[in-house]
Number of protein chains: 2
Amino acid sequence: MALPAPFLARLKEVFPAGALFTDPADCWVYGYDNSKRQVLPEAVVFPTRHEQAAALVRACHEYKIPLTARGRGTGTTGATVPLFGGVVASFERMDRVLEFSPDNRYIVVEPGITNQALQDYVKPHGFFWPPDPTSAAFCSVGGNLAYNSAGPRAVKYGTPRDNTLGLRAITGAGEEIRTGVYTTKGVVGYDLTRLLIGSEGTLALITEATLKLTPLPETRRTLRAVYRDVGAAAQAIAKIMAQPAVPCALEFIDGNAIDMVRRYSTAGLPEQAGALLMIEVDGFKQAMAPQIDSIRAAADNAGLLEFRVAETQEEVEALWQTRKALSPTLRKIAPKKINEDVVVPVTELPVLIAGLNELSARYGLPIVNFGHAGNGNIHVNLLYDPGKPGEDDKAHACLDEMFGLVLRLRGTLSGEHGVGIEKRDYVDRELDAASLKLMHAIKRQFDPEGILNWHKGFPMA
Amino acid sequence: MALPAPFLARLKEVFPAGALFTDPADCWVYGYDNSKRQVLPEAVVFPTRHEQAAALVRACHEYKIPLTARGRGTGTTGATVPLFGGVVASFERMDRVLEFSPDNRYIVVEPGITNQALQDYVKPHGFFWPPDPTSAAFCSVGGNLAYNSAGPRAVKYGTPRDNTLGLRAITGAGEEIRTGVYTTKGVVGYDLTRLLIGSEGTLALITEATLKLTPLPETRRTLRAVYRDVGAAAQAIAKIMAQPAVPCALEFIDGNAIDMVRRYSTAGLPEQAGALLMIEVDGFKQAMAPQIDSIRAAADNAGLLEFRVAETQEEVEALWQTRKALSPTLRKIAPKKINEDVVVPVTELPVLIAGLNELSARYGLPIVNFGHAGNGNIHVNLLYDPGKPGEDDKAHACLDEMFGLVLRLRGTLSGEHGVGIEKRDYVDRELDAASLKLMHAIKRQFDPEGILNWHKGFPMA
């Protein structure tokens, strides 16, 4: 597909030289994300101001040109891959802090600012923004909002939906809207802010976000609990989440992952270790002892093999060693992994892990699991070799059964990665037909020509 | 308007005798709320099961009969007043706990359960549900969700939007939807849960809610800080909100309110008191001292007259005395009050209060202010005598200017009461035309015949 000449002329009016790529060699790298999918867009633009983004959407709307918003391409679902070509709007150069009000605990940023740059900006003033995806050093706040991305801290501090006050955006019809408020309360009109958050660029392009900041805690402590099996760990997770020392991280590693690390490095764990919890608490120094005591009591059960509290930074690092060894180990042993991020109610974790082990045995594919246990959000890593004949099909059949299991356990297909293309065709197994019909209708209202990221997030007829 | 006979016959099929009122004398009391507005519905029904509610909406949809959902009528905005007659669905008899999972920290309830009954149910298990409107003893959870009602605790624990995992509902088209998840994370599809919360019964009837529970803190302490003026208090509020001991209540009372209480009872406050903050912190016993120290440091400024920490339950009550004397005093001195619940960024509080004092002087109407200062959510009480000629008009002209002031300060017209009928005609001064158009479109998608609470929340053409 070639872009119409008058449309290209419009783009050139809006974007100066250097902010508009049309050479395929330049455009190619803007057509992929961390799903490893790649589609060549016809043009890439780099807005630096709201007005440019608005003019861009209006032009795409008028000429019915597909438009895909892109942060830094760290997404894992293909949501920023320009499936139908057209224009990619890369927000990487639109990354200013527009307003910072420490006294009102908010900051207004453009979408291209990285999560890390935002944290660095507010930290000297005693604040942080809770969402902390693993990719924080590279990923953009705009991307975090598009996916409602979170990370370990969500268990205590919530996701972007809990930490965003308002948005400025341009709908697919090219109309500017301002959603939400500058305050932590506000009930006038429908909640369009949270409707846009997590909508994966299908409704509007976000050009400004007013983020709610949280005061940094005085200190943090790291604990590790090792269990004989997943059942004992799950029992502890439920108990930990039910006592008042809400952890700021409650990470889980299953027995397969422990075995894998053990084969390739020193895990420093008891021999019978079948599951491991990494727990962090934060707050005032004087509040550490009662929090640790309360968590220790909740973590204690017949399956607990070891409970350790790090007293020094060195010990913190020693405790995290198994968790940190995991990703490099996974890369070492399998040419390819599918990394899912399903969620189930905490009490269903043992059933989920047992079911995954059964699938792993039946399909002959290693599956290792870790993740944000306090939310029941498990990263299921399915390891396989796409070079082997039939292995890819096997992996996807296994995945299919896994999603069925998750939904039977009243879970959800994604806790933080989103849907994009990867899970699009499974969505109607989770969402009922009436809800999907309403989502389609909302999509059409915001984006009547269907230019914004068509056929992402859920199937579009 | 008389209900069509075949429609009435349908209602009789669905609702047994005693669950369907058509006698105006019976219906009359279901046509009002705490806005003191009242309109007579043609029928009142009392669903006790989801299926009944669903059959009701389908019948109303088919016959195009206005349908207004009602909790306990404690709303202050007229949102449950059946403006166009038709049927009122009172959910007071649909109040069961359907499922309680302490280990997964959620409870599934029907909408008619009162906030208090819910709290009483989960408290023995060590949990609470954070939303705590003043009317908690009487108001229903369904109403809390419809308005996104909060209370003092929202400053630390958020509003219903932050504390609800999922909903079961029937759209105005009579279709059942299940929104959200049973877990604290989930990013599949658009966020219909939060779209329904705060939509004031205009999109769907909620028949079940899965609520996120929070572990009860070990203990709580009450502090009081008295300031020379609002400026000093506002400075303290900003500082308190920027330090890590996030209070679980941060309530504000202005100088006019203090003067008023002083005239009618003993306030026990320093003579020059021009503003007062009631502050509560919760957590572990050992965490009280550092939290109080941190708040004391933040509260200290040149305008601080007195800072007291209650050591006993008696002292707690003494500190709350001024606040508690306020509402009876207001009832004593003015035949009528307009109680607004505007919100402004914390730093704008002194400008807001000064502006309100100017309006009060200019219109010759007393205005006293108190509220949830940590959120910038101020209850503005405009006192007047509707018996005096012209007083009602004066009060509403004053209100109009007040809303203008709030919006100039980047505030919002409502923090927790909602819009209903009372503020409907001001909404387009806060929301932009493009957002309103989208809200209209969403309303039409959920409720194609416009049967659900038409012309509430925002103007419908």
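What you see is a predicted model, and the numbers here were worked out from it, not measured in a lab.

Q: Could you give me a rundown of the overall build of chain A, with the residues and numbers involved?
A: Across its full length, chain A holds 15 helices and 18 strands. Computed over C-alpha atoms, the radius of gyration of chain A comes to 23 Å, within 12% of the 23 Å expected from 2.2 N^0.38 for 461 residues, which places it in the range of a compact globule. Projected onto the principal axes, the alpha-carbon positions of chain A cover approximately 70 × 60 × 40 Å. In chain A, which comprises 461 residues, the proportion classed as buried is 64%. Long-range contacts, defined here as pairs at least 24 residues apart, represent 72% of the contacts in chain A between residues at least 6 apart. Of the roughly 16,000 Å² of accessible surface on chain A, a fraction of 51% belongs to carbon and sulfur atoms.

Q: Go over the relation of the copies chain A and chain B with me, naming the residues and quoting the values.
A: Note on the copies: chain A fits chain B at an RMSD of 0.0 Å, the axial shift is 0.0 Å, and the rotation between them is 180°. Taken together, the rotation angle and the small translation identify this as a two-fold axis. Ranked by how close their C-alpha atoms come to the rotation axis, the residues of chain A are headed by Ala-287 of chain A, at 2.3 Å. Take the interface residues of chain A: 99% of them recur as interface residues in chain B, which is what a same-surface contact looks like.

Q: Outline a nonpolar patch on the surface, supporting the account with residue identities and numerical values.
A: There is a patch of nonpolar side chains on the surface, built from Trp-28, Val-29, Tyr-32 and Leu-40 of chain A and spanning about 340 Å² of accessible area. Residue position: Tyr-32 of chain A is located in the loop between α2 (24-27) and β2 (43-45).

Q: Lay out the pairing of strand β8 (residues 164-171) of chain A in plain terms, naming residues and giving numbers.
A: All names here are of chain A. Counting buried residues along β8, 8 of its 8 residues qualify, which places the element largely inside the surrounding structure. As paired strands, β8 and strand β10 (residues 204-212) are joined by 7 bridges and run antiparallel to one another. Note on β10: the bridge partner recorded for Gly-166 is Thr-210. The pairing of β8 with strand β9 (residues 176-180) spans 5 bridges and is antiparallel. What sits directly across from Gly-166, in β9, is Gly-180.

Q: Describe the environment of Gln-313 of chain B, listing the residues and the values that go with them.
A: For Gln-313 of chain B, the position within the fold is in helix α11 (residues 313-333). A sequence separation of 92 residues divides Gln-313 of chain B from Arg-221 of chain B, and the C-alpha atoms of the two residues are 9.6 Å apart.

Q: Summarise the packing of aromatic side chains; cite the residues concerned and give the values.
A: Per the counting criterion, the structure on display carries 18 aromatic pairs over all chains. Ring centres of Phe-100 of chain A and Tyr-121 of chain A lie 5.7 Å apart, and the angle between their planes is 75°; this geometry places the pair in the edge-to-face category. Remark: Tyr-121 of chain A occurs in helix α4 (residues 115-122) and Phe-100 of chain A occurs in strand β5 (residues 97-101); sequence separation between them is 21 residues. Judged by centre distance (5.1 Å) and plane angle (90°), the ring pair of Phe-128 of chain B and Tyr-157 of chain B falls under edge-to-face. Within this pair, whereas Phe-128 of chain B is found in strand β7 (residues 127-128), its partner Tyr-157 of chain B is found in helix α6 (residues 154-157), the two being separated by 29 residues in sequence. Ring pairing ties together the aromatic residues Phe-21, Tyr-30 and Phe-46 of chain A, which thus form one cluster.

Q: Mind laying out the pairing of strand β18 (residues 377-384) of chain B, listing which residues take part and the relevant values?
A: Residues and elements named next belong to chain B. With 8 of 8 residues buried, β18 is to be regarded as a mostly interior element. Side-chain alternation along β18 places Asn-377, His-379, Asn-381 and Leu-383 on one buried face and Ile-378, Val-380, Leu-382 and Tyr-384 on a second face that is also buried. Across 8 bridges, the pairing between strand β16 (residues 336-343) and β18 is antiparallel. Within β18, the residue paired with Val-342 across the bridge is Ile-378. Of the pairings in the sheet, the one linking strand β17 (residues 367-372) to β18 comprises 6 bridges and is antiparallel in character. Residue pairing for β18: Ile-367 is matched across the bridge by Leu-382.

Q: So what's going on with the interface of chain A and chain B? Residues and values would help.
A: Taken together, the contacts link 87 residues of chain A with 86 residues of chain B. Contact with chain B buries surface across chain A, with Lys-185, Val-187 and Tyr-190 of chain A losing the most and accounting together for 14% of the total. Lys-185 of chain A is the partner of Glu-416 of chain B in a salt bridge, and the nearest nitrogen-oxygen pair spans 2.7 Å. At the surface where chain A touches chain B, the tally comes to 30 residue pairs in polar contact (both at pLDDT 80 or more).

Q: Requested: an account of the domain arrangement of chain A, with residues and values cited.
A: Reports of interface size often rely on the accessible area that becomes lost once the parts have come together. Per the domain assignment, the segments making up chain A are domain 1 (5-92), domain 2 (95-215), domain 3 (218-324) and domain 4 (334-426). With centres defined by C-alpha atoms, the gap from domain 1 of chain A to domain 3 of chain A works out at 44 Å.

Q: Describe α4 of chain A, naming the residues involved and giving the relevant values.
A: All names here are of chain A. All of the buried residues along α4 are Asn-115, Leu-118, Gln-119 and Val-122. The buried residues of α4 all sit within an arc of 100° when viewed along its axis, so they share a single face. If you follow the buried residues of α4, they end up packed against β5, β6 (106-109), β7 (127-128), α5 (141-147) and β10.

Q: Break down the sheet that holds β10 of chain A for me, citing the residues and quoting the values.
A: Strands sit in the order β5-β6-β10-β8-β9 (chain A) across an open sheet of 5 strands; the sheet is antiparallel. Of all strands in the sheet, those bounded by a partner on one side alone are β5 and β9 of chain A. On average, each strand axis in the sheet is tilted by 15° relative to the strand beside it, whichever way the strands run. This element, helix α15 (residues 433-446) of chain B, spans β8 and β9 of chain A of the sheet and lies at about 75° to β9 of chain A.

Q: I'd like a rundown of α11 of chain B, residues and numbers included.
A: Residues and elements named next belong to chain B. Helix length check: α11, at 21 residues, gives a terminal C-alpha distance of 30 Å against a target of 30 Å (1.5 Å per residue), a fit within 8%. Maximal helix bending in α11 amounts to about 50°, located at Gln-321. Buried within α11 are the following residues: Val-316, Leu-319, Trp-320, Thr-322, Arg-323, Ala-325, Leu-326, Thr-329 and Leu-330.

Q: Break down the packing of helix α12 (residues 349-363) of chain A against helix α13 (residues 391-408) of chain A for me, citing the residues and quoting the values.
A: Residue and element names in this part refer to chain A. Running from N to C, α12 and α13 point in directions that differ by 160°, and their axes come no closer than 10 Å. Compared by their axis directions, α12 and α13 come out roughly antiparallel. Like other packed secondary-structure pairs, α12 and α13 cross with a definite hand, here right-handed. The residues of α13 that touch α12, namely those facing Leu-352, Gly-355, Leu-356, Leu-359, Arg-362 and Tyr-363, are Lys-394, Ala-397, Cys-398, Glu-401, Met-402, Leu-405 and Val-406. Here the contact of α12 with α13 is built from residues that sort into 9 nonpolar, 1 polar and 3 charged.

Q: Break down the sheet that holds strand β14 (residues 275-283) of chain B for me, with residues and values.
A: All names here are of chain B. Within the open sheet, the 7 strands sit side by side as β15-β12-β14-β13-β17-β18-β16. Their pairing is antiparallel. In the strand order of this sheet, the two ends are held by β15 (304-309) and β16, each with one partner. Between one strand and the next, the sheet's axes are offset by a mean angle of 15°, whatever the strand orientation. Here 9 bridges tie strand β12 (residues 219-227) to β14, and the two strands are oriented antiparallel to one another. Residue pairing for β14: Leu-223 is matched across the bridge by Ile-279. Together, β12, β13 (249-254) and β14 form the strand contacts of helix α8 (residues 230-242), whose direction differs from that of β14 by roughly 15°. Where helix α9 (residues 255-264) meets the sheet, its contacts fall on β13, β14, β17 and β18, and the angle it forms with β13 comes to roughly 75°.

Q: Any details on the pattern of salt bridges? Residues and values, ideally.
A: Enumeration according to the criterion identifies 56 salt bridges over all chains in this entry. A salt bridge links Glu-311 of chain A to Arg-221 of chain A; the shortest N-O distance between them is 3.0 Å. Of this pair, Glu-311 of chain A sits in the loop between β15 (304-309) and α11 (313-333) while Arg-221 of chain A sits in strand β12 (residues 219-227); the two residues are 90 residues apart in sequence, bridging distant segments of the chain. For Glu-311 of chain A, a relative accessible area of 57% corresponds to the exposed category. Residues Arg-362 of chain A and Glu-358 of chain A are paired through a salt bridge, measuring 2.8 Å at the closest nitrogen-oxygen approach. Here Arg-362 of chain A and its partner Glu-358 of chain A are both found in helix α12, 4 residues apart, which amounts to about one turn of the helix. The exposure class of Arg-362 of chain A is partly exposed, given its relative accessible area of 46%. On the basis of relative accessibility, which here comes to 40%, the residue Glu-358 of chain A falls in the partly exposed class. One salt-bridge network, held together by shared partners, links Arg-161 and Asp-162 of chain A together with Asp-191 and Arg-194 of chain B.

The rules behind each value
Residues numbered from 1 in each chain as written. Chains lettered and ligands numbered in written order. Predicted model: local features only at pLDDT ≥ 70, side-chain atom pairs only at ≥ 80, totals over all residues. Heavy atoms only, no water. Helix = DSSP H or I, 4+ residues; strand = E, 2+ residues; numbered from the N terminus. Rg over C-alpha atoms; globule rule 2.2 N^0.38 Å. Buried < 20%, exposed > 50% of the residue type's maximum accessible area, 1.4 Å probe, protein only. Contact = heavy atoms within 4.5 Å. Areas by Shrake-Rupley, 256 points an atom, 1.4 Å probe, with all protein chains shown as cover. Least-squares fit on C-alpha atoms with pLDDT ≥ 70 in both. Patch = residues over 30% accessible without salt bridge, like charges linked within 9 Å, V, L, I, M, F, W, Y side chains within 5 Å. Salt bridge = Lys/Arg side-chain N within 4 Å of Asp/Glu carboxyl O. Pairing = 2+ DSSP bridges. Phe/Tyr/Trp six-rings, centres within 6.5 Å; stacked < 30°, edge-to-face > 60°. Buried area = accessible area lost by both parts, 1.4 Å probe. Polar contact = N/O pair within 3.5 Å; in protein donor to acceptor, adjacent residues only side chain to side chain. Domains from an automatic or database assignment. Arc of directions from axis to C-beta. Axes fitted to C-alpha atoms, helices over the stretch in contact; angles between N-to-C directions. Expected span 1.5 Å × (residues − 1). Bend = angle between axes of the 7 residues up to and from the residue. Parallel < 35°, antiparallel > 145°, perpendicular 65-115°, else oblique. Left-handed = near helix turned anticlockwise from the far one by under 90°. Nonpolar A, V, L, I, M, F, W, Y, C, P; charged D, E, K, R; others polar.

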